[in-house]
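Fold and contact review
As a plain string of letters, each chain reads:
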Amino acid sequence: MERRKSDRFVSNVRVFYKIDLKSPWIGPVRLEDISGHGMKFATSQILRKDALLNIKIELPDGKNPIIFSSVVAWCQPSLTPSFYSTGVKFSKMQIDDRRRFVKYACASLLDQALDNDGELNLK
């Protein structure tokens, strides 16, 4: 049974994370997919379930990055040696940043759903 609240999509945003406010940003990490409620990315370290992370997303619009908190939902070995596939749930995001991110997510989903002629791509 699918538990996600929204569809995930592949994106070219740059993602960084840090475990506490004083540590440096780690990344950019290899983003596997993203949605309006969370994302999956590759890390070189095991992150504990329910750990709090700060996330920084750089959207292609060139504006200031979106920085917010998230929670590790799961972390498991990746198919790539020495890496871990990590899923996080978004928690607190400023309302203006949330609007900006949702607009980006909607446009990305629409781009992926339509072919070059504007028809639904059901492949």
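Residues numbered from 1 in each chain as written. Predicted model: local features only at pLDDT ≥ 70, side-chain atom pairs only at ≥ 80, totals over all residues. Heavy atoms only, no water.

Examining the overall build of the protein
Along the backbone of the protein there are one helix and seven strands. Its C-alpha radius of gyration of 15 Å places the protein within 12% of the 14 Å reference for a compact globule of 123 residues. With the C-alpha coordinates of the protein rotated into their principal frame, the extents come out at 45 × 35 × 25 Å. Going through the 123 residues of the protein one by one, you find that 37% of them count as buried. For the protein, the exposed area adds up to about 8200 Å²; of that, 53% sits on carbon and sulfur atoms. Mean positive and mean negative side-chain charge positions of the protein (20 and 14 charges, respectively) differ by 9 Å. (Helix = DSSP H or I, 4+ residues; strand = E, 2+ residues; numbered from the N terminus. Rg over C-alpha atoms; globule rule 2.2 N^0.38 Å. Buried < 20%, exposed > 50% of the residue type's maximum accessible area, 1.4 Å probe, protein only. Areas by Shrake-Rupley, 256 points an atom, 1.4 Å probe, with all protein chains shown as cover. Lys, Arg positive; Asp, Glu negative; His and termini not counted. Charge placed at Lys NZ, Arg CZ, Asp CG, Glu CD.)

A short note on the nonpolar core
Core analysis: the largest hydrophobic core is formed by 23 residues, its most contacted members being Met39, Phe41, Ile55, Ile57 and Phe101. Those elements giving two or more residues to this core turn out to be strand E1 (14-18), strand E3 (31-34), strand E4 (38-43), strand E5 (52-58), strand E6 (66-77), strand E7 (84-90) and helix H1 (95-113). (Core = buried A, V, L, I, M, F, W, Y, C linked by side-chain atoms within 4.5 Å.)

Quick word on the pattern of salt bridges
Any two side chains of opposite charge can pair, so long as their charged atoms come close to each other. Overall, the coordinates contain six salt bridges when judged by the stated rule. The residue Lys40 makes a salt bridge to Glu32 at a minimum N-O spacing of 3.6 Å. Here Arg100 ties to Asp61 by a salt bridge, and the two come within 2.9 Å at their closest N and O atoms. One end of the pair, Arg100, is in helix H1; the other, Asp61, is in the loop between E5 and E6, and 39 residues separate them in sequence. Judged by relative accessible area, which is 39%, Asp61 ranks as partly exposed. Shared partners join several salt bridges into a network, and the residues in it are Arg30, Glu32 and Lys40. (Salt bridge = Lys/Arg side-chain N within 4 Å of Asp/Glu carboxyl O.)

Structural measurements only, silent on function.
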